[in-house]
There are 2 protein chains.
Amino acid sequence: MYRTHNCGELRIEDLGNEVILSGWVQKGRDLGGLTFVDLRDRYGITQLVFNVEENKKLTEQARTLAREFVIKATGFVRERSSKNPNRATGDIEIEVTNLQILNASKTPPFTIENQTDGGEELRMKYRYLDLRRSNIQQNLIFRSQLALRTRNYLSQNGFIEVETPNLIKSTPEGARDFVVPSRMNPGEFYALPQSPQTFKQILMVAGLDKYFQIVKCFRDEDLRADRQPEFTQIDCEMSFVTRDQILDQFEGLTKHLFKFMLNISLPDFPKMSYDEAMERYGSDKPDTRFEMEFIAFTEIVKGHGFPVFDSAEYIAGICVSGEAENYSNKQIKELTEWLQRPQIGCKGMIYVKYNIDGSIKSSVGKFYSDEQLNSWFKIANAKPGDMLLMLCGETEKTRKQLCELRLEMGRRLELMDPSKFNALWIVDFPLLEWDEDSERFHAMHHPFTSPKKEDVDRMLAGDHETMKALRADAYDLVINGSEIGGGSIRIHDRALQQRNFDLLGFTREEAENQFGFLMGAFEYGAPPHGGIAFGFDRLNAVMNGQNSIRDFIAFPKNTSGRDIMIDAPSKVDITQLDELNLALKNIPE
Amino acid sequence: MYRTHNCGELRIEDLGNEVILSGWVQKGRDLGGLTFVDLRDRYGITQLVFNVEENKKLTEQARTLAREFVIKATGFVRERSSKNPNRATGDIEIEVTNLQILNASKTPPFTIENQTDGGEELRMKYRYLDLRRSNIQQNLIFRSQLALRTRNYLSQNGFIEVETPNLIKSTPEGARDFVVPSRMNPGEFYALPQSPQTFKQILMVAGLDKYFQIVKCFRDEDLRADRQPEFTQIDCEMSFVTRDQILDQFEGLTKHLFKFMLNISLPDFPKMSYDEAMERYGSDKPDTRFEMEFIAFTEIVKGHGFPVFDSAEYIAGICVSGEAENYSNKQIKELTEWLQRPQIGCKGMIYVKYNIDGSIKSSVGKFYSDEQLNSWFKIANAKPGDMLLMLCGETEKTRKQLCELRLEMGRRLELMDPSKFNALWIVDFPLLEWDEDSERFHAMHHPFTSPKKEDVDRMLAGDHETMKALRADAYDLVINGSEIGGGSIRIHDRALQQRNFDLLGFTREEAENQFGFLMGAFEYGAPPHGGIAFGFDRLNAVMNGQNSIRDFIAFPKNTSGRDIMIDAPSKVDITQLDELNLALKNIPE
């Protein structure tokens, strides 16, 4: 037997008992007469003690132990003379009578503590050591419990978890698929699913009524900092439901998870239309933990001879509370340069400082009187000491830029309270986006999203301009500025689905070839249905007030899509390619 | 709103209430004055009734409904005049006041009933209709509950569910990998995991202590009737455990699942060594629901002038109870021919009938006296009326053949009671198998399996013959002749792992290239560990007394690895291949 107890379990009640513990040497301290060893496992740390006078040989053996050795220690629980109140086992220690080294360890390349000295690359290469750190283990335990709790909640609500296939069919729509050559079907490929979308709809046509799955999905995209080629979704679908029934169901799930995991009672989630979110925050995933909402200035500031404003389609600003006299010219300049970086692309920024003494300092004083500027303050609800920051230009672009500015000011002024969770639904998205470059519509959500009921007739019969104005019966769940989930009521009618594919530029043949099975299914009694998918990696990070999903994934890939630990992807044998009827070509040296 | 209740929910207590139901038309009956419609959903069937005298228009509308139409019906619950005791809702019916057709349906290509007239191919193509059949839906619901129950049990026992990656590294060991070309790493490939084996071991080195995952795995094998290219495992690993602790833990899980899902209390699982299983049943997955164990005749029957026996390495038989006078010469001949098919490959079969009157009829009467044959009966514990069936030849081959014969007789005599569940552990497998053709050892389980403790020194230092006799610390869980799970204590020592790779014919470079990360991990404090994986698809089928796993998989593939419904795999665009630096070659027309 390797252990009678784990390293986080023994208490003062166990005094005098003979126990066996196994674990890793966290550290040792040699105080001459006494040698102490902290023994660690997933459950905690227990102090072992060796007394040189009572057992010289054993103590000498203990002195040979180095960090991360795996040992088994037998001994008696005794009370510590100096207790450690910060440790659950801090009242006791083990007086060791027998010690066995189960495995030695080389010196680890970084310290195995919550605050480690290991860089990202090194920690990924030795992920098995990185995962020994208690904070990362707690993340994985949190994730495991969150998944279990989700499953129990949805199952108790009548949902069935159905595993949909991972080897499916490649479709050129949306992001790139990972493809899998089929040996048994030469020249043909499976694709890994970007989501189980069509399968869950098929399950609704099949009458499963309420489906969920916590499922891996795959996208071969160029990876931004916090994207992974494989990621996990809580994927759900329901039949015979209205939009609000779906929102209620998953608001219920979200509240339940926050209550159970964090003991936080979330208030009801407000619903905000896409248009309103864009107007107030310039984003369809606003961080509503802080205000600093957009103030529309377009009407009031135009026509006063300031050419930049006069020629702008859209002028708006934010009111930065109490910062008028904290922000120096230098800081304004630095902030302007931050906005001018190519990632954001502003031409410039206008500021108007409302000083505490009532005086005004502004970059547009030449064009506007103090009276005019005071009227701006009034619109902005600005108080003395506040500062207006304004951007202008083409509406959509400027909104995005002002959104970035708002978030940056929120970060700088530490307005994003990590212990606060603001959830809301964004609803009534546009159905279609017109892409000027490719001269075609794209689905804002995906090609299976239904227009709102009142827009169905217009969609079937309307002209080009009508299409741009169609609203989708789609919704996103946003928490603290992160899109946590998104979904829609789906089309369940063959003609409407066909119309959507037509609008999206599919030829009839392409639509039939790729999604014929789904349109076929719609002809055999498809029920009205809709659903949602939550980004499970992101949900874990957001619930823990963290930005990066990587520390919630046991074995993440780097931004080149590589697993550094196992060194994948890698070359494969030429015979393996032969079997797959494949050859490499144009491989760069 | 589409419904206030589902179609399985209303009872006599609901009399008089106004309700809304939605679902599929199972069938309609027009009795002139009254029209009945059976409305179906996942939860049950409720009868709708339309009275032509009370509402002619509505009744005429109801008469237009055909099978599988999706409708919404509003009405009042009333008591049925002729109740249906076989249906949960059989006491009531709905007097419909409003009817809405939500979606029409073409006539389905097969009947949507438990006993359907649809062939396999047709049912797979229209899987969304096949899945409407109640028995298949019940299978999926069972599977969902079994997974949830497994997760709750293991979580309550301290296991953490960790998601391991699906895009990993290809290794030529074992079955063929499915590979996934990497666009971002030209000329390189990921592989889909055949199991998370190395990752779960890494998690043990990382100190996760107890891991599990219900996880999809992938094997690019030529598919036998009941194999799938993607399949699901309950995958588990534990640290600081002995073999018997693992067996206890997962015997506990298995008993819990049978109790919870089927209300069956399984007795303790016996442990049987691999050698004993081969001697008694000729199989490492014996169906122990019936006896008919092997009787060894090699010693006693040799040397009496019957050349077939005299030249055989191994002679054994089974005693078929009470069939001596039921089996005609014709049947014996047919059975012999069944054994002579190439799949089994017997040269012949010897029978000895012990007639009820004590007389003996046998195919070897020329060579053995009645006295001798009577002594065989004694060894076999045969009673008058029994029949011995004997095979001979090379030991291993003959055991396999006799195993097939035993199972066939079990089937013919209906000895495999589908309501009976016999579970046992097979232990002490050989570590290595010598393959004469390739002149190398293969791992009987996998290359990470530890030899039994007492065999470690012999493995590190022994000669070729010693290697053949090494026992692995490996085990299988067998229920009713199906291998449900298998696992082992793993190697956690670099030197021993290296020795195993050497024995398995890996060059040092190959071993380092493929598994260097694992051997490296063993140098940083790897704990003793071991685990098990259950075939989840198979477990579902066995618990339901069924042979095929297909009806427990929502979207199975056919024996060519194709999904007929979505028509995958399929050709991909040439530009997609270009992006992956791939070209097709040698594609047959």
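What you see is a predicted model; the values in this text were computed from it and never measured. (Residues numbered from 1 in each chain as written. Chains lettered and ligands numbered in written order. Predicted model: local features only at pLDDT ≥ 70, side-chain atom pairs only at ≥ 80, totals over all residues. Heavy atoms only, no water.)

So, the relation of the copies chain B and chain A
Placing chain B over chain A gives an RMSD of 0.1 Å and needs a rotation angle of 180°, together with 0.0 Å of translation along the axis. One copy is carried onto the other by what is essentially a two-fold rotation axis. (Least-squares fit on C-alpha atoms with pLDDT ≥ 70 in both.)

Looking at the packing of aromatic side chains
Applying the stated rule across the entire model yields 54 aromatic pairs over all chains. The interplanar angle of 80° and the centroid separation of 5.2 Å between the aromatic rings of phenylalanine 448 of chain B and phenylalanine 515 of chain B together place this pair among those described as edge-to-face. Within this pair, whereas phenylalanine 448 of chain B is found in the loop between strand E19 (440-443) and helix H13 (456-461), its partner phenylalanine 515 of chain B is found in helix H16 (residues 508-521), the two being separated by 67 residues in sequence. For phenylalanine 448 of chain B, a relative accessible area of 5% puts it in the buried group. Relative accessible area serves as the criterion here: at 6%, phenylalanine 515 of chain B is assigned to the buried category. Among the aromatic side chains, those forming a connected cluster through ring pairs are Phe297, Phe306, Phe309, Phe367, Tyr368 and Trp376 of chain A. The aromatic ring of tyrosine 126 of chain A is capped on one face by lysine 125 of chain A, whose charged end is 5.7 Å from the ring centroid. (Phe/Tyr/Trp six-rings, centres within 6.5 Å; stacked < 30°, edge-to-face > 60°. Helix = DSSP H or I, 4+ residues; strand = E, 2+ residues; numbered from the N terminus. Buried < 20%, exposed > 50% of the residue type's maximum accessible area, 1.4 Å probe, protein only. Lys NZ or Arg CZ within 6 Å of the ring centre and 35° of its normal.)

Quick notes on the pairing of strand E2 (residues 34-41) of chain B
All names here are of chain B. With respect to burial, E2 is a largely interior element, 7 of its 8 residues being buried. By the bridge criterion, 6 bridges tie strand E1 (residues 18-30) to E2 in an arrangement that is antiparallel. Bridge assignment links valine 25 to a residue of E2, and that residue is leucine 39. Remark: 3 residues form the turn of the hairpin made by E1 and E2, two consecutive strands paired antiparallel; glycine 32 in that turn has positive phi of roughly 85°. Pairing geometry for E2 and strand E3 (residues 44-51), over 8 bridges, is antiparallel. Across the sheet, the residue bridging to leucine 34 is asparagine 51, located in E3. (Pairing = 2+ DSSP bridges.)

Re helix H12 (residues 395-412) of chain A
Residues and elements named next belong to chain A. For H12, which comprises 18 residues, the first-to-last C-alpha distance of 25 Å matches the rise-based estimate of 26 Å (1.5 Å per residue) to within 8%. Listing the buried residues of H12 in full gives Thr395, Thr398, Arg399, Gln401, Leu402, Cys403, Leu405, Arg406, Leu407, Glu408, Met409 and Gly410. Where H12 is buried, its residues touch helix H7 (274-281), strand E13 (314-320), helix H10 (329-340) and strand E16 (387-393). The backbone nitrogen of glutamate 396 lies 3.2 Å from a side-chain oxygen of the residue at the head of H12, namely glutamate 394. One or two residues past the end of H12 sits glutamate 414, with phi positive at roughly 50°. (Expected span 1.5 Å × (residues − 1). Contact = heavy atoms within 4.5 Å. Polar contact = N/O pair within 3.5 Å; in protein donor to acceptor, adjacent residues only side chain to side chain.)

Focus: the packing of H10 of chain A against H12 of chain A
All names here are of chain A. The contact between H10 and H12 brings their axes to 11 Å, and the two run at 135°. One element, H10, and the other, H12, form an angle in the oblique class. Relative to H12, the crossing made by H10 is right-handed. Residues Glu334, Leu335, Trp338 and Leu339 of H10 touch H12, and the partners they reach there are Gln401, Glu404, Leu405, Glu408, Met409, Arg411 and Arg412. Taken together, the residues of the contact of H10 with H12 sort by class into 5 nonpolar, 1 polar and 5 charged. (Axes fitted to C-alpha atoms, helices over the stretch in contact; angles between N-to-C directions. Parallel < 35°, antiparallel > 145°, perpendicular 65-115°, else oblique. Left-handed = near helix turned anticlockwise from the far one by under 90°. Nonpolar A, V, L, I, M, F, W, Y, C, P; charged D, E, K, R; others polar.)

A short note on the state of the cysteines
The final tally for this structure, using the stated rule, is 0 disulfides over all chains. Cysteine 403 of chain B takes part in no disulfide bond, and the closest cysteine sulfur to it belongs to cysteine 346 of chain B, at a distance of 11 Å. (Disulfide = S-S within 2.5 Å.)

Concerning the pattern of salt bridges
It is possible for side chains bearing opposite charge to pair when their charged atoms get close. Enumeration over the complete set of coordinates arrives at 102 salt bridges over all chains. Arginine 280 of chain A is the partner of glutamate 293 of chain A in a salt bridge, and the nearest nitrogen-oxygen pair spans 2.9 Å. Here arginine 280 of chain A lies in helix H7 and glutamate 293 of chain A lies in the loop between H7 and strand E12 (295-296), a separation of 13 residues in the sequence. For glutamate 293 of chain A, a relative accessible area of 26% gives the class partly exposed. Arginine 280 of chain A gets classed as partly exposed once you look at its relative accessible area, which sits at 27%. For the salt bridge of aspartate 578 of chain B with lysine 585 of chain A, the shortest nitrogen-to-oxygen distance reads 2.7 Å. Of the two residues, aspartate 578 of chain B is situated in helix H18 (residues 574-579) and lysine 585 of chain A in the segment after strand E23 (582-584); the pairing between them involves two chains. Residue classification places aspartate 578 of chain B among the partly exposed residues on the basis of a relative accessible area of 36%. (Salt bridge = Lys/Arg side-chain N within 4 Å of Asp/Glu carboxyl O.)

Here's the deal with the interface of chain B and chain A
On the chain A side, the residues contacting the 126 residues of chain B number 126 residues. Buried surface at the junction of chain B and chain A, summed over both partners, amounts to about 11,200 Å²; 58% is from carbon and sulfur atoms. The largest per-residue losses of area from chain B upon contact with chain A belong to Glu163, Phe240 and Tyr524 of chain B, which jointly make up 8% of the total buried on that side. Across the chain B-chain A interface, the total number found is 20 salt bridges. One can count 69 residue pairs in polar contact (both at pLDDT 80 or more) joining chain B with chain A. The element best represented in the side of chain B that touches chain A is helix H4 (residues 134-156) of chain B, accounting for 9 residues. (Buried area = accessible area lost by both parts, 1.4 Å probe.)

Digging into the environment of glycine 365 of chain B
Of note, glycine 365 of chain B is situated in the loop between strand E15 (360-362) and helix H11 (370-380). Along the sequence, glycine 365 of chain B and isoleucine 300 of chain B sit 65 residues apart, while their C-alpha atoms lie 15 Å from each other.

Digging into helix H12 (residues 395-412) of chain B
Along H12 of chain B, the residues that are buried comprise Thr395, Thr398, Arg399, Gln401, Leu402, Cys403, Leu405, Arg406, Glu408, Met409 and Gly410 of chain B. Those residues of H12 of chain B that are buried lie in contact with helix H7 (274-281), strand E13 (314-320), helix H10 (329-340) and strand E16 (387-393) of chain B.

Quick word on the domain arrangement of chain A
When the domains of chain A are assigned, the result is domain 1 (12-103), domain 2 (154-165 + 198-272 + 422-541) and domain 3 (290-412). Using only C-alpha atoms to locate each centre, domain 2 of chain A and domain 3 of chain A end up separated by 37 Å. (Domains from an automatic or database assignment.)

Describing unusual backbone geometry
Residues and elements named next belong to chain A. The residue after alanine 568, namely proline 569, is reached through a cis peptide bond having omega 0°. Relative to the helices and strands, proline 569 resides in the loop between helix H17 (536-543) and helix H18 (574-579). Here the phi dihedral of asparagine 581 falls at roughly 55°; this positive angle occurs in a residue that is not glycine. Here asparagine 581 is to be found in the loop between H18 and E23.

A closer look at the pairing of E13 of chain B
All names here are of chain B. Within E13, 7 of the 7 residues are buried, which leaves it mostly tucked inside the rest of the structure. Bridge count for strand E12 (residues 295-296) against E13 is 2 bridges, and the pairing is antiparallel. Bridging from a neighbouring strand, isoleucine 295 pairs with glycine 317 of E13. With 7 bridges connecting them, E13 and E16 associate as antiparallel partners. Following the sheet pairing, isoleucine 318 is matched in E16 by leucine 389.

Focus on a negative patch on the surface
There is a patch of like negative charges on the surface, built from Glu313, Glu394, Glu396 and Glu433 of chain A. Among the structural elements, glutamate 313 of chain A can be located in the loop between helix H9 (307-310) and E13. (Patch = residues over 30% accessible without salt bridge, like charges linked within 9 Å, V, L, I, M, F, W, Y side chains within 5 Å. Areas by Shrake-Rupley, 256 points an atom, 1.4 Å probe, with all protein chains shown as cover. Lys, Arg positive; Asp, Glu negative; His and termini not counted. Charge placed at Lys NZ, Arg CZ, Asp CG, Glu CD.)

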